[in-house]
Amino acid sequence: LPRIGIIGAGIAGLAAAIRLRLEGAHVEVFEAADTAGGKLGELVLGEYRFGIGPSLLTMPEYIDELFELAGEVPGDHFRYRRLDTVCRYAWEDGTRLDARANPKAFAEEVERVLGVPAQRVLKTLAHGEEKYHLTGRTFLEKSLHTPGTWLTPEVGHALTRLHRLDLTRTLHQVHERDLGEPHLVQLFDRFATYNGSNPYRAPGLLSMIAHFEHGAGAFVPEGGMPAIGRALYGLAERLGVAFHFETRVAEILTQKQGRRPRAVGLRLEDDRQMLFDRVVSNMDVFFTHERLLPDAPAPRRVLAREKSTSALIFYWGVNKSFPELDVHNIFFSEDYAAEFGALEAGTLCDDPTVYVSISSRYDDSAAPAGSENWFVMINAPFATPEQDWSALIERTRERVIQKLERMLGHEGEKAGLREAIVEECVFDPTTIEARTLSHLGALYGTSSNDRMAAFMRHPNDSRHVDGLYFCGGSVHPGGGLPLCLLSARIMTDVMTRREPLARHTPD
Ligand code: FAD
């Protein structure tokens, strides 16, 4: 069997391991951490459990697909349910809006609360869906670096509808044009943050993201988000993938074969060498080149692309219940443009938008009875040497608590939120970089802040080293769980077309 070594057991590394094993390869995964899942890891603080990273699950069908490929019934190993209310939004002026997943119910609620005709909201969502159908299959589900991708009727059709893609407008301009009402514009602008971008710079094409949440839906997995990593790890193990945990890869071994070097194995941190016919990196692509291939040529321009945003996260064990909260809650800043301006300047504004996600709302075991596990996240710039995170954390923590107490109506209470926080851990961009090994702590690889972003992501194979492939949030088609799962699918497709596994003969 052809032998494939995979660096990293993040969601894309797990999906790649499953797919390549099903293609008939011998697959070994090397993971620096002691468990699988990468950013889907778990944090335990006393009696409280938290998902370290992702809190919102969309497109779970890409997870199901892996079980189905393996001939298993997805529901036997991984269960999830659809949320009726995808997010509870709050503004400082007292406006409150429950965003229902169902587009019609959402539009009616918008009309009731904000006075914007429901028809206008439905039209905007439909336009997002149209953009997805025009471009999704090409830009998200296929390699952009294979000529065949471009010679399809879908691309031909998309070219006749270019004017519908809003490529020359920013996301914010599209929402101002189509929705107008400031609360609603801010709500829709927020979707830019789903891939770590800035709505005032990102292209209007990204308005398709709203369709994922309100058309395709938002879901919660049984057992919380870390259950996703556990389920895929279980599947990979059942298929016979070999895992090496607490095993950091130090170098991708290459050998000159013909015009270009070829990946022939991995050197581990303890200096052991493991020989493979092909290597897949699920590690951040920047660090793959910088640390594991220091002497090989690298795609400098691609690696220097602007990163996505990072985050400042407070994991709080809260020893009481706040019935006014839902699973996902947003407390908006008063000046969204200023908030993104601060991020561009590499810092945090005084009044950031606060996201509170409480998985104990759907997973009782994540917090003691009558208590809640709060994942409190603020968009933060990717890490730079000038930032003083301890000062920023101290200042922001205070402002966040004041904002939440004010907006929840608990201001001035003796036993408010502040007193209820009995466990705490804080991650800033530097912690995220160290803990998840993502360059500069970026949550989603490179940003989508310009029209060329999709074309400038690192491809799923190497142009410099034969036999080396990539999957994960830092390469095509980008970050976020659904896209990472697609990256593993695209990478497998690219690899098996280039070097069919069945016909592969090891040297
Ligand atoms: P990663 O999860 O980055 O895993 C890579 C693995 O490689 C790690 O386990 C690492 O230990 C390992 N590794 C690295 N270097 C080496 C080495 N040298 N040797 C061995 N192993 C190595 N997405 C959503 O869909 N919804 C959300 O709500 C969401 N929220 C997020 C919130 C936060 C705070 C973060 C951090 C991310 C969020 N994301 C969200 C993004 C999503 O988590 C990522 O896009 C996705 O999990 C990345 O998966 P990956 O396969 O690229 O690998």
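To start, this report covers the structure provided alongside it.

Focus: the overall build of the protein
Argument step 1. A tally of helices and strands in the protein yields 19 helices and 19 strands.
Argument step 2. Against the globule reference of 23 Å for 507 residues, the protein gives a C-alpha radius of gyration of 23 Å, in line with a compact fold.
Argument step 3. Across the 507 residues in the protein, those meeting the buried criterion constitute 61%.
Argument step 4. The contacts in the protein between residues at least 6 apart in sequence include a share of 70% that link residues at least 24 apart.
Argument step 5. Accessible surface computed for the protein: about 20400 Å², of which carbon and sulfur atoms make up 50%.

Some remarks on the pairing of strand 2 (residues 26-30)
Argument step 1. In terms of burial, strand 2 is largely enclosed, as four of its five residues are buried.
Argument step 2. Relative to strand 2, strand 1 (residues 3-7) runs parallel, the two sharing five bridges. Each bridged residue has a counterpart across the sheet, and for Gly5 the counterpart in strand 2 is Glu28.

Side note on the site of the ligand
Argument step 1. The immediate surroundings of the ligand are formed by 31 residues, with Glu31, Lys39, Gly473, Gly480 and Leu481 found nearest.
Argument step 2. With respect to the ligand, the side chain of Glu31 contributes an N or O atom lying 2.6 Å from an oxygen atom.
Argument step 3. For the ligand, whose free accessible area comes to 1000 Å², the fraction covered by protein is 94%.
Argument step 4. With three residues, helix 19 (residues 481-498) is the single largest residue contributor to the shell around the ligand.

What about empty space enclosed by the protein?
Argument step 1. Inspection of every chain in the model, using the stated rule, returns three cavities of 30 Å³ or more.
Argument step 2. Counted as a void, the largest cavity has a volume near 170 Å³.
Argument step 3. Looking at the largest cavity, it is lined by 19 residues, and the ones nearest its centre are Phe50, Gly51, Ser359, Tyr362 and Asn373.
Argument step 4. Those elements that place two or more of their residues in the lining of the largest cavity are strand 4 (48-51) and strand 17 (372-380).
Argument step 5. Among the elements that line the lining of the largest cavity, the one with the most residues is strand 4, at three residues.
Argument step 6. Residue composition of the lining of the largest cavity, by class: seven nonpolar, nine polar and three charged.
Argument step 7. Reported here for the second largest cavity is a volume of approximately 60 Å³.
Argument step 8. Residue lining of the second largest cavity: Val285, Val302, Leu303, Lys307, Gly445, Thr446, Met456, Arg457, His458 and Ser474, and that is the complete set.
Argument step 9. When grouped by side-chain class, the residues that make up the lining of the second largest cavity number four nonpolar, four polar and two charged.

Conventions and cut-offs
- Residues numbered from 1 in each chain as written.
- Predicted model: local features only at pLDDT ≥ 70, side-chain atom pairs only at ≥ 80, totals over all residues.
- Heavy atoms only, no water.
- Helix = DSSP H or I, 4+ residues; strand = E, 2+ residues; numbered from the N terminus.
- Rg over C-alpha atoms; globule rule 2.2 N^0.38 Å.
- Buried < 20%, exposed > 50% of the residue type's maximum accessible area, 1.4 Å probe, protein only.
- Contact = heavy atoms within 4.5 Å.
- Areas by Shrake-Rupley, 256 points an atom, 1.4 Å probe, with all protein chains shown as cover.
- Pairing = 2+ DSSP bridges.
- Near = heavy atom within 4 Å.
- Polar contact = N/O pair within 3.5 Å; in protein donor to acceptor, adjacent residues only side chain to side chain.
- 1 Å grid on protein atoms, 1.4 Å probe; cavity = no way out; pocket = protein on both sides within 12 Å on 5 of 7 lines; lining within 4 Å.
- Points joined across faces, edges and corners; volume = space filled by probe spheres on them.
- Nonpolar A, V, L, I, M, F, W, Y, C, P; charged D, E, K, R; others polar.

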